Amino acid sequence: MKKIKWGVIGCGGIADRKTIPGMMLAQNVELVAVMDANPEVAENVRKKYDAKYAFDNYEDLLALDEIEAVYIASPVFFHKEQAIKAAQAKKHILLEKPVALTVEDAEEIKKVCEECGVKISIGFLMRFHGYHQRIKEIIAEGKIGDIVSMRGQFTCWYPDIEGAWRQKKAMSGGGALVDMGIHVIDLLQYLSGLKAKEVIAFNQTQTFNYEVDDSSALVMKMCNGSTAFVDSNFNIPDAASVAKLEIYGTKGSIVASGTLAQAEVGTVNILISDDSLEYDANQTRDEIVPLSLEGTPLGNMYTKEVEQFGDAIINGTDVPVSIESAIYDQKIVEAAYKSSDEKVFVAID
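Residues numbered from 1 in each chain as written. Predicted model: local features only at pLDDT ≥ 70, side-chain atom pairs only at ≥ 80, totals over all residues. Heavy atoms only, no water.

Chemist: Lay out the overall build of the chain with the relevant residues and their values.
Modeler: A tally of helices and strands in the chain yields 10 helices and 15 strands. The globule rule puts the C-alpha radius of gyration for 349 residues at 20 Å, and the 21 Å found for the chain is close to it. For the chain, the spread of C-alpha atoms along the three principal axes comes to 70 × 50 × 40 Å. The buried share among the 349 residues of the chain stands at 53%. Taking the intrachain contacts of the chain between residues at least 6 apart in sequence as the baseline, contacts between residues at least 24 apart amount to 69%. Put simply, the chain shows about 15800 Å² of open surface, and 49% of that area lies on carbon and sulfur atoms. Where the 35 positive side-chain charges of the chain centre and where its 52 negative ones centre are 3 Å apart. (Helix = DSSP H or I, 4+ residues; strand = E, 2+ residues; numbered from the N terminus. Rg over C-alpha atoms; globule rule 2.2 N^0.38 Å. Buried < 20%, exposed > 50% of the residue type's maximum accessible area, 1.4 Å probe, protein only. Contact = heavy atoms within 4.5 Å. Areas by Shrake-Rupley, 256 points an atom, 1.4 Å probe, with all protein chains shown as cover. Lys, Arg positive; Asp, Glu negative; His and termini not counted. Charge placed at Lys NZ, Arg CZ, Asp CG, Glu CD.)

This is the structure in structure tokens:
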């Protein structure tokens, strides 16, 4: 099997904890080089995964002719510069979410990638969960009928930390909404096949002292008239979070707990009814039949993400997560911040 030769830009943090270990399990990956601004971190990661090279700047990594693709996991404020330079160096790009600090910057990245003829996929990991893939199929098959309401909750505990770039708006673009909530925004649209067309949001810094939001409540009006609620928080203890995902339709419902995670874990309850039933004043639920997801293959989402992108490069096919869909997610986030700041409903272009 052909293997794509990879470089990793920003090899500490999530790259070291999750993505590179996932890469090591992929059949079509060869890790060639890693980069971190801290040379000690870069060298330690190089040794850990037996890569050839370690760099403290991304320019030297991109200068390596043998590298065909790069994974960019650096802080968001570096994304635009590094992605554009990678595209100009003719490297295919797996870029962590969000695409950039602004929609305008994200559009520029897209334009340069198209001009340079390189593929780019965005790191919306939650799409690759085996249960989420099966949920998408069940919805597409019409088993829960027409969607009327959805909700997703994604939270963590992220207190004041000196020097943390995610807690500075100029470096992150925002707080819990853009860091956590954007995963739910993307996933609900992906699973349902519905796009958000209008939003209203309430974003605030309720618990901590940093300048970005630690609490966000977003309501999206979808293209079919249904509503989707997105709750994202930096101020709920990890042990207290259930990470609920709920989708309700005219024939049934899907409720997942704990599947919004960095591993393929959690549980899913699916109830199917009959929309031809007459109105029942007693609201009994005798006709509800549970649908099992037993046997759904589960694995490593990071491996799937990298492997599928590698297959797209090798076979010249579509990438797993298009930059167009990710830019639309970012438009929703920008509209949500505008809605909260100006206390208005905001339409999505």
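Having seen it, we continue.
Chemist: An account of the packing of helix α1 (residues 14–24) against helix α9 (residues 301–315) is requested, with residue identities and associated values reported.
Modeler: As a packed pair, α1 and α9 sit with axes 7 Å apart at the nearest point and diverge in direction by 65°. Regarding α1 and α9, the two cross each other, and that crossing is right-handed. For the pair α1 and α9, contact is made by Ile14, Lys18, Thr19, Gly22 and Met23 and by Tyr302, Thr303 and Val306, respectively. Grouping the constituent residues of the contact of α1 with α9 by class yields four nonpolar, three polar and one charged. (Axes fitted to C-alpha atoms, helices over the stretch in contact; angles between N-to-C directions. Left-handed = near helix turned anticlockwise from the far one by under 90°. Nonpolar A, V, L, I, M, F, W, Y, C, P; charged D, E, K, R; others polar.)

Chemist: Can you lay out a negative patch on the surface for me, pointing to particular residues and giving the numbers?
Modeler: A cluster of like negative charges, contributed by Asp56, Glu59, Asp60 and Glu81, occupies part of the molecular surface. The residue Glu81 is located in helix α4 (residues 79–88) in this model. Since its relative accessible area comes to 44%, Glu81 is described here as partly exposed. (Patch = residues over 30% accessible without salt bridge, like charges linked within 9 Å, V, L, I, M, F, W, Y side chains within 5 Å. Salt bridge = Lys/Arg side-chain N within 4 Å of Asp/Glu carboxyl O.)

Chemist: Explain unusual backbone geometry to me, and be specific about the residues and the numbers.
Modeler: Between Lys97 and the following residue, Pro98, the backbone shows a cis peptide bond with an omega angle of -15°. Turning to its location among the elements, Pro98 is positioned in the loop between β5 (92–96) and α5 (103–116). Of note in this structure, Ala243 is not a glycine but carries a positive phi near 50°. Along the polypeptide, Ala243 turns up in the loop between β10 (227–233) and β11 (244–249). Its relative accessible area of 8% is what places Ala243 among the buried residues.

Chemist: A description of the nonpolar core should follow, citing residues and the corresponding values.
Modeler: One finds Trp6, Ile20, Ile93, Ile109, Leu218 and Met220 to be the most contacted residues of the largest nonpolar core, which totals 117 residues. Here the element with the most residues in this core is helix α8 (residues 176–192); it accounts for 11 residues. Setting aside its immediate chain neighbours within four residues, Ile20 contacts Val8, Cys11, Ala15, Leu31, Val34, Val45 and Tyr49. (Core = buried A, V, L, I, M, F, W, Y, C linked by side-chain atoms within 4.5 Å.)

Chemist: Tell me about the packing of α4 against α5, and please be specific about residues and values.
Modeler: Interhelical geometry of α4 versus α5 gives an angle of 5° and a closest axis separation of 9 Å. Classed by the angle they form, the pair α4 and α5 counts as roughly parallel. Residue-level contacts link His79, Lys80, Ala83, Ile84, Ala87 and Gln88 of α4 to Asp105, Glu108, Ile109, Val112, Cys113 and Cys116 of α5. Classifying every residue of the contact of α4 with α5 by side-chain character gives seven nonpolar, two polar and three charged. (Parallel < 35°, antiparallel > 145°, perpendicular 65-115°, else oblique.)

Chemist: Explain the packing of aromatic side chains residue by residue, including any values.
Modeler: Throughout the structure, instances matching the rule amount to eight aromatic pairs. With a centroid separation of 6.0 Å and 20° between ring planes, the pair formed by Tyr53 and Phe55 is classed as stacked. Owing to a relative accessible area of 30%, Tyr53 belongs among the partly exposed residues under this scheme. Of the aromatic side chains, those joined through ring pairs into one cluster are Trp157, Tyr158, Phe208, Tyr210 and Phe234. One residue, Lys136, lies across the ring of Tyr190, its end atom 4.4 Å from the ring centre. Against the face of Tyr328 rests Lys195, its NZ or CZ located 4.2 Å from the ring centre. (Phe/Tyr/Trp six-rings, centres within 6.5 Å; stacked < 30°, edge-to-face > 60°. Lys NZ or Arg CZ within 6 Å of the ring centre and 35° of its normal.)

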